[in-house]
Amino acid sequence: MSALRFRGVALEVTPQLEYRCRKSKMALCGVGRPLLQKTHRALGCFSKKKQTFSYKANGFQEEDIRKKLQLFPGGSIELQKQESGIAVMTVNNPARMNAFSGSMMVELEERVCELESWTEGKGLIVQGAAGTFCSGSDLNAVRAISNPQDGMKMCMFMQTTLTRLLRLPLISVALVEGKALGGGAELTTACDFRLMTSDAVIQFVHKHMGLVPGWGGAARLVRIIGSQNALKLLAGAKKVDPNIGKQIGLVDDVLTVDEGSSLVGTERWLSQFTKGSAPVIRAIKKVVLSGKELSLDEALTTERNIFGTVWGGPANLEALELKTKHK
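Scoring rules and cut-offs
- Residues numbered from 1 in each chain as written.
- Predicted model: local features only at pLDDT ≥ 70, side-chain atom pairs only at ≥ 80, totals over all residues.
- Heavy atoms only, no water.
- UniProt positions renumbered as here; feature names shortened; annotations may be inferred.
- Core = buried A, V, L, I, M, F, W, Y, C linked by side-chain atoms within 4.5 Å.
- Buried < 20%, exposed > 50% of the residue type's maximum accessible area, 1.4 Å probe, protein only.
- Helix = DSSP H or I, 4+ residues; strand = E, 2+ residues; numbered from the N terminus.
- Contact = heavy atoms within 4.5 Å.
- Pairing = 2+ DSSP bridges.
- Axes fitted to C-alpha atoms, helices over the stretch in contact; angles between N-to-C directions.
- Parallel < 35°, antiparallel > 145°, perpendicular 65-115°, else oblique.
- Nonpolar A, V, L, I, M, F, W, Y, C, P; charged D, E, K, R; others polar.

In the annotation of an unreviewed UniProt entry, the entry for the chain reads Ethylmalonyl-CoA decarboxylase, and the organism field reads Silurus meridionalis. Quoted straight from UniProt, the Function (unreviewed entry) entry for the chain says "Decarboxylates ethylmalonyl-CoA, a potentially toxic metabolite, to form butyryl-CoA, suggesting it might be involved in metabolite proofreading. Acts preferentially on (S)-ethylmalonyl-CoA but also has some activity on the (R)-isomer. Also has methylmalonyl-CoA decarboxylase activity at lower level." Under Subcellular location (unreviewed entry), UniProt gives the following word-for-word description of the chain: "Cytoplasm, Cytosol".

1. Concerning the nonpolar core
Within the largest apolar cluster, 47 residues are counted, with the highest numbers of intra-cluster contacts made by Phe100, Leu115, Leu124, Ile202 and Leu250. For this core, the element with the most residues is helix α5 (residues 102-116), which contributes six residues. Setting aside chain neighbours within four positions, we find Leu115 in contact with Leu79, Lys81, Ala87, Met89, Leu124, Leu168 and Leu170. Core analysis: the next-biggest nonpolar cluster, separate from the first, contains eleven residues, Ile86, Val173, Leu195 and Ile281 among them.

2. A look at the sheet that holds strand β6 (residues 171-176)
Here six strands make up an open sheet; going across it, the order is β3-β4-β5-β6-β8-β11 and the pairing mixed. Two strands close off the open sheet at either side, each with one partner strand: β3 (76-81) and β11 (253-255). Between one strand axis and the next, the sheet turns by 25° as a mean value, whatever way the strands run.

3. Describing the packing of helix α4 (residues 62-69) against helix α7 (residues 148-166)
It is at 9 Å that the axes of α4 and α7 come closest, and there the two elements cross at 100°. The angle between α4 and α7 falls in the class roughly perpendicular. Together, Glu62, Asp64, Ile65, Arg66, Lys68 and Leu69 of α4 and Asp150, Lys153, Met154 and Phe157 of α7 make up the contact between the two elements. Taken together, the residues of the contact of α4 with α7 break down into four nonpolar, no polar and six charged.

4. What to know about the pairing of strand β8 (residues 193-197)
Across the five residues that make up β8, a large majority, four, are buried. In the sheet, β6 pairs with β8 via four bridges, with the strands oriented parallel. Of the residues in β8, the one forming a bridge with Val173 is Phe193. Bridge analysis of β8 against β11 gives three bridges, and the strand direction is parallel. Bridge pairing in β11 places Thr197 opposite Leu255.

As structure tokens, then:
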């Protein structure tokens, strides 16, 4: 048991009190420190450094699985950043229904890293090449790393990458054409929104492979559609068409043929949320993300500090200049 003097009064610090203070992220020596330090800790969860999970604590390095995945090439992850502030990421491996080869998993992480440093970005569209979304993992790579140790490393690598994708300060949408199966279905949940063409299908087929989702898809699915609906989709390996998807809240809209190409329709749909200043759009994504992932107190602190980054900024001053009177 230790003692702490506060305003001349000696306070006994029991192990229980010390634990509670540590749990609430308040260091005992910081009683008189500014609240801003807690703010920095709350904001820290959205920094690039914090977005990457540590593999060292589990006895292996990220680089181990990266090198092994590179041994199984095929396909590519393409990224086009447009002047509009909207980027298009394409999962490109048509010969295998856009299944992820080992090298594509590594490329996905590299593309996400590139987007993390794209300060002008506002939106992201994730699509598959040649009219289909993604059929999950390439079975050739899966068979080669089927031992539990490598499987766990691959799982953690993809969990981290898709978590970073979801936490990008960009408003993201998955354009689902054709089939999104297994890991492809999980990829759709790492986007903020999901659009489907009328003939598209999303299906968590993991049960048929003797598996459960391992890339974070189950946890994200529960947050999107609730535990009951998630249990039905996973345990039943149910096919989700656009109608079912909209009913359960997995799908945000259905693209019709008269909208032209699916990509053009998706860009038009996304533009309603990305019009305006990039710093403001990115700030909106950050405050929503903090409200979803942090405790209420931490989310409020984070929101207050993100507000401070745009208050008095160019977009704010321009709006005040144009709207001098309330209507």
